[in-house]
Each structure stands twice: as C-alpha cells, then as structure tokens.
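Okay, here's what each chain looks like letter by letter:
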Amino acid sequence: MVMGITDVDDKIIRRANEMSVSPASLARLYEEDFKQDMAALKVLPPTAYLRVTEHVPQIVAFIERLIANGHAYCTAKVDSDKRHASDFALWKAAKPQEPFWGSPWGNGRPGWHIECSTIASLVFGSRLDIHSGGVDLAFPHHENEIAQCEAFHQCPQWGNYFLHSGHLHVKGGGEKMSKSLKNYVTIKDFLRSASPDVFRLFCLRSSYRSAVDYSEGALLEARRLLRATAAFVEDARAYVRGQLAGGPVQEDVLWERLGRTKAAVQAALADDFDTVRAVDAVMDLVHHGNRQLKAAAEEPRGARSPAVLGAIVASVEQFFETVGISLAERQCVPGAGSPAALHSLVEELVRFRLKVRQFALASGEAPGEARQQRLLERQPLLEACDTLRRDLAVHGISIKDRSGSSTWELLDQRTEDPKARS
C-alpha cells in the first residue's frame, strides 16, 4: 500500500506565503499532523509515503513519454491553446513567488493528476489492484489518472478496483465537513470526549461509499453497542470460568447461530465490504448469547456449557480485532511497566478485596443476636469495599460482585455516555 502526499499545490503555496514560510515546511507540518491523527484513530500506515516534490524528475519523464506516444502536447498558453475544452494540464508554468523545477517545457511544477499517475506507476507498474479515495475524486481526478496511465503503459485496463469513500456530513445540513466551510470537528477534539473505537464502530455502521451524518445521537449509539458487547464478553468469560452462577444453555441453538453468524459476516464483507450487515450479524449473536446467559442464571444448578460461550467470545473478539476495535483496552500507566503488569496488579487488588468482602459477609454458626452483632462490627469493611469499587470506577476499572466471586473489566472511559457522568 502506497499513499501519495501532495506537498505542493495552489492552496499550500498561498497559505505558506501568508505565513511567510516555505511551502515545503508547511506541507511537512500538516503531513506529520495527519499521520499523528491517523495513528490516534488506529489507522494502519501504508507501506510507503511518496511525496510529489521528491519525484519531480520521474514526473517529467512520465510526461515526456506521453508526448512521445502522441497522447499529450505542448501549448504556449494553458487555456487559450487547448485542443479540447476537457484537456487538462500535465505541467504548469512557474509563477512569481512559487516553487518551480526545470523541465523541457520551462520552469514550472506538476499538474495535480499527473502526480498520482507517476507515483502509482513507480511502485505498481502497469497494473494496480485497488485504488482508493474520496467520492469527490472519482471525476475528474481518477478519470484523468486512468487516462494518463493507460496511455503511458499502453494497456487496456490499469486499475482493477476503485473504492470511493463517502464524506462525513453535518447532521441535517447536507454538506460535508471541511475546513473551507468551517463546519468540522478536529480528530484531536473528538478524541477528548470519545475513543477511536467508538469512531470506528460509528463508521462501520454505514457503508464506506455512503455519506455519513455526524451526530451526537449516532455516536452515543455506537458507544452503547460497544459497551454492551464488552459487557457480554466479560459476562460470558465469567460464566466459562465458573464465576457467574448459571446452569446449562441451549448449546445446539447457540452452535447453530454461531455458524450462521460467521457465514453471514463473511458474505457481508465479500459483498463490497458491507460492514453494516456484518456488524448487525455480530450484534445479533451477542443479543442471543445474553439471553442464554440470563436464562442460565435462573437455573444456577446443573451441568454447565462453557465451550459454546467460549467459542462465541472468541468469534466476537476476532471480528472486532479484524476491524481494529478493542472491546476492553488494556491501558498502561506511564512508567508503570507493561500492560500485562498493570493487569496483574488489578487482579491482585480485586482478589484481595474479594477476600475482605467475603470475611465481612460471613456470619458463621453464631446465634441470631451474635450474628447480627458480628455483621454490624464488620460493616466498615463492606463500606470500604464499596468505596474502593466506586473509586476504581472513576479510573475506568469496573468491578462486578457476583455470587461468591468478583470480576472486573478495564473500560476506556471515553466510551461512556458523557451525559451519564454529568
């Protein structure tokens, strides 16, 4: 995977002149900012970033070959000398106070479309498997890119697939988020109140091709689904470990539903990455798993069914891992060592609290009045246990006291409903 970086264009040059800095330094500043935002959203980086300014000689050679093949021509003036109204510029003549490079056609800089054709051809040659970009780039940018590459490589089909993604829209406004319209929310601002996992699930609940309405309601629903899934996974694990009271579940029903869900997810993703249908299938499996756990809790005795619940948990976690979503982020305090060390520390703390709580609740064989007195004397221990549970919840550690045991989960606090905390 290669990402082209347009680090010189009209907007960059104009803004750089306003700030009295070089276009190159301004472009690098925003490039690094973009990379940091993508990392914060857990977007995997490409194999390589290729900047336009570092490949101008190759772009010049690309244009020379197009001219030699009879598919491009020189003009004295860009607009007035065009042979056809839809012809577009491959090389732009230098203007005052603009960066430029030498070429057989005089000093200037590359046109927009030729940059991408050259960079892609340098890596992938005459056959590109998948090309992605926003839906606004389909025409004329990608159409021109295809024309250039097929003329350069003399091939009937250069790109196999084009994936055009929709834009984020302001809810009810019908217009896309953009800096020029000043109606955008920065990624950094967003991540102050929500996690990247919430944003990823929010995106997955719409087709990548569709325009997506950005709204607080849609984000809250993504938060709710994420928390519900994490809670089911934790409860199912507790059942598997024997920490959650419950008898048998309908294994045959759950095994059949698990198989059906796996097939549905695979079919949905194979159908133009239909993530909406895939997420719905997984959430339906979680819903039925929850129903079975509640039914099992009503009959706490009898043979248990850990295998099918374990298989469902593994399948749900695998799906969310595939789409880059963490159900319960293992966080690490700076300087405190590895996430595994923090996890073990919380385990020991919860285990110690459980022992204190069980001691405080134990009444033994004492007669009624003595039993009441003992419980009264131990009440401060129970209050201390409750205080610890509440205090840890502030730091995103949720302890659940169950029948004879306690379990915990580490949740990203940004997945919570902010209104519920206020």
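Rules behind the numbers
- Residues numbered from 1 in each chain as written.
- Predicted model: local features only at pLDDT ≥ 70, side-chain atom pairs only at ≥ 80, totals over all residues.
- Heavy atoms only, no water.
- 1 Å grid on protein atoms, 1.4 Å probe; cavity = no way out; pocket = protein on both sides within 12 Å on 5 of 7 lines; lining within 4 Å.
- Points joined across faces, edges and corners; volume = space filled by probe spheres on them.
- Helix = DSSP H or I, 4+ residues; strand = E, 2+ residues; numbered from the N terminus.
- Nonpolar A, V, L, I, M, F, W, Y, C, P; charged D, E, K, R; others polar.
- Patch = residues over 30% accessible without salt bridge, like charges linked within 9 Å, V, L, I, M, F, W, Y side chains within 5 Å.
- Areas by Shrake-Rupley, 256 points an atom, 1.4 Å probe, with all protein chains shown as cover.
- Salt bridge = Lys/Arg side-chain N within 4 Å of Asp/Glu carboxyl O.
- Buried < 20%, exposed > 50% of the residue type's maximum accessible area, 1.4 Å probe, protein only.
- Phe/Tyr/Trp six-rings, centres within 6.5 Å; stacked < 30°, edge-to-face > 60°.
- Axes fitted to C-alpha atoms, helices over the stretch in contact; angles between N-to-C directions.
- Parallel < 35°, antiparallel > 145°, perpendicular 65-115°, else oblique.
- Left-handed = near helix turned anticlockwise from the far one by under 90°.
- Contact = heavy atoms within 4.5 Å.
- Pairing = 2+ DSSP bridges.
- Core = buried A, V, L, I, M, F, W, Y, C linked by side-chain atoms within 4.5 Å.
- Expected span 1.5 Å × (residues − 1).
- Arc of directions from axis to C-beta.

Colleague: Explain the layout of surface pockets to me, please; I cannot follow it from the model alone.
Modeller: Unoccupied space between atoms shows up once a probe the size of one water molecule is rolled over them. Volume-wise, the second largest pocket comes out at about 650 Å³. As for the second largest pocket, its lining consists of 26 residues, and the residues nearest its centre are Tyr73, Phe88, Ala89, Leu90 and Trp91. Secondary-structure elements contributing two or more residues to the lining of the second largest pocket are helix H3 (56-68), strand E3 (91-93) and helix H5 (138-153). A breakdown of the residues in the lining of the second largest pocket according to their chemical character gives 16 nonpolar, five polar and five charged.

Colleague: What is the right way to read a nonpolar patch on the surface from this model?
Modeller: On the surface, Leu122, Val123 and Phe124 cluster together to form a nonpolar patch covering roughly 250 Å² of accessible area. Overall, valine 123 belongs to the partly exposed group, its relative accessible area being 43%.

Colleague: I tried to follow the packing of aromatic side chains on my own but got confused; where do I start?
Modeller: Where two aromatic rings form a pair, the distance of their centres and the angle of their planes describe that pair. The tally for this structure, following the rule as stated, stands at eight aromatic pairs. Their ring planes at 35 degrees and their centres at 6.0 Å tell us that phenylalanine 199 and phenylalanine 202 sit as a pair that is tilted. In this pair, phenylalanine 199 and phenylalanine 202 are both assigned in helix H7 (residues 196-204), three residues apart and thus about one turn of the helix distant. The pair formed by phenylalanine 199 and phenylalanine 202 is uniform in burial state, with each residue classed as buried. Between phenylalanine 202 and tyrosine 214, the aromatic rings sit 6.1 Å apart at their centres with planes inclined by 85 degrees, giving edge-to-face as the arrangement.

Colleague: Can you help me understand the packing of helix H8 (residues 216-241) against helix H11 (residues 306-322) in this one?
Modeller: The relative placement of two packed helices comes down to the angle between their axes together with the axis-to-axis distance. One can describe the packing of H8 onto H11 by two numbers: an axis separation of 9 Å at closest approach and a directional angle of 150 degrees. Considering their axes alone, H8 and H11 lie roughly antiparallel with respect to each other. Taken as a pair, H8 and H11 cross one another with a handedness that is left-handed. Seen from H8, the contacting residues are Thr229, Phe232, Val233, Ala236, Arg237, Tyr239 and Val240; seen from H11, they are Pro306, Leu309, Gly310, Ile312, Val313, Val316, Glu317 and Phe320.

Colleague: How should I be thinking about the environment of phenylalanine 124 in this particular structure?
Modeller: Within the element layout of this structure, phenylalanine 124 appears in helix H4 (residues 112-124). Phenylalanine 124 sits in the partly exposed class, given a relative accessible area of 34%. Taking C-alpha positions, phenylalanine 124 is 9.9 Å from tryptophan 158, a pair spaced 34 residues apart along the chain.

Colleague: Explanation requested: the pattern of salt bridges in the structure shown.
Modeller: Here the idea is simple: oppositely charged side chains can pair when their charged atoms come close. The tally for this structure, following the rule as stated, stands at 29 salt bridges. Among the salt bridges present, the one from aspartate 37 reaches lysine 188, with a minimum N-O distance of 2.8 Å. Highlighted residues: aspartate 37 in helix H2 (residues 23-40) and lysine 188 in helix H6 (residues 187-190), separated in sequence by 151 residues. When the shortest N-O distance is used, the salt bridge between arginine 351 and glutamate 348 registers 2.9 Å. Residue arginine 351 and its partner glutamate 348 are located together in helix H12 (residues 339-361), separated by three residues, close to a single helical turn. When salt bridges that share partners are traced, they join Arg28, Glu31, Lys35, Arg51 and Glu54 into one network.

Colleague: Whenever I open this one, the environment of tryptophan 112 confuses me. Can you help?
Modeller: Tracing the sequence through the fold places tryptophan 112 in helix H4. Residues tryptophan 112 and aspartate 9 lie 103 residues apart in sequence; the distance between their C-alpha atoms is 7.8 Å. Sequence-distant contacts of tryptophan 112, that is, excluding residues within four places in its chain, are made with Thr6, Leu137 and His141.

Colleague: Is there a simple way to explain the pairing of strand E9 (residues 397-402) in this structure?
Modeller: Residues in a regular strand point their side chains to alternate faces of the sheet. Where E9 and strand E10 (residues 405-410) come together, six bridges link them in antiparallel fashion. Residue lysine 400 lies in a different strand from E10, and its bridge partner there is threonine 407.

Colleague: Honestly, the environment of arginine 15 in this entry has me stumped. Any pointers?
Modeller: Considering the arrangement of structural elements, one finds arginine 15 in helix H1 (residues 10-19). The class of arginine 15 is partly exposed, set by a relative accessible area of 40%. Considered as a pair, arginine 15 and arginine 28 are 13 residues apart in the sequence and their alpha carbons are 13 Å apart.

Colleague: Is there a simple way to explain the nonpolar core in this structure?
Modeller: Where a protein is soluble and globular, its nonpolar side chains tend to be buried together. Core analysis: the largest hydrophobic core is formed by 49 residues, its most contacted members being Leu201, Phe232, Leu309, Ile312, Val316, Phe319 and Phe320. For this core, the secondary structure elements donating two or more residues are H7, strand E8 (212-214), H8, helix H9 (251-270), helix H10 (275-297) and H11. Counting residues per element, this core draws most heavily on H8, which supplies ten residues. With near-sequence residues (within four places) excluded, valine 316 lies in contact with Thr229, Val233, Val282, Leu285, Val286 and Leu327.

Colleague: Looking at this structure, I do not really get unusual backbone geometry. What am I missing?
Modeller: In terms of backbone geometry, most residues other than glycine have negative phi values and most peptide bonds are trans. A cis amide bond, omega 5 degrees, links phenylalanine 139 with the succeeding residue proline 140. Among the structural elements, proline 140 can be located in helix H5. One non-glycine residue, glutamine 97, lies in positive phi territory at about 60 degrees. Along the chain, glutamine 97 turns up in the loop between E3 and strand E4 (108-110). The class of glutamine 97 is exposed, set by a relative accessible area of 70%.

Colleague: Sorry, what's going on with H11 here?
Modeller: Helical geometry: 3.6 residues make up each α-helical turn, so side chains three or four residues apart lie on a common side. For H11, with 17 residues, the first-to-last C-alpha span of 24 Å sits near the 24 Å given by 1.5 Å per residue. For H11, the full list of buried residues reads Val308, Leu309, Ile312, Val313, Ser315, Val316, Phe319 and Phe320. Projected onto a plane normal to the axis of H11, the buried residues spread over an arc of 165 degrees and lie on a single side. For H11, the exposed residues lying more than 90 degrees away from the buried face are Gln318, Glu321 and Thr322.

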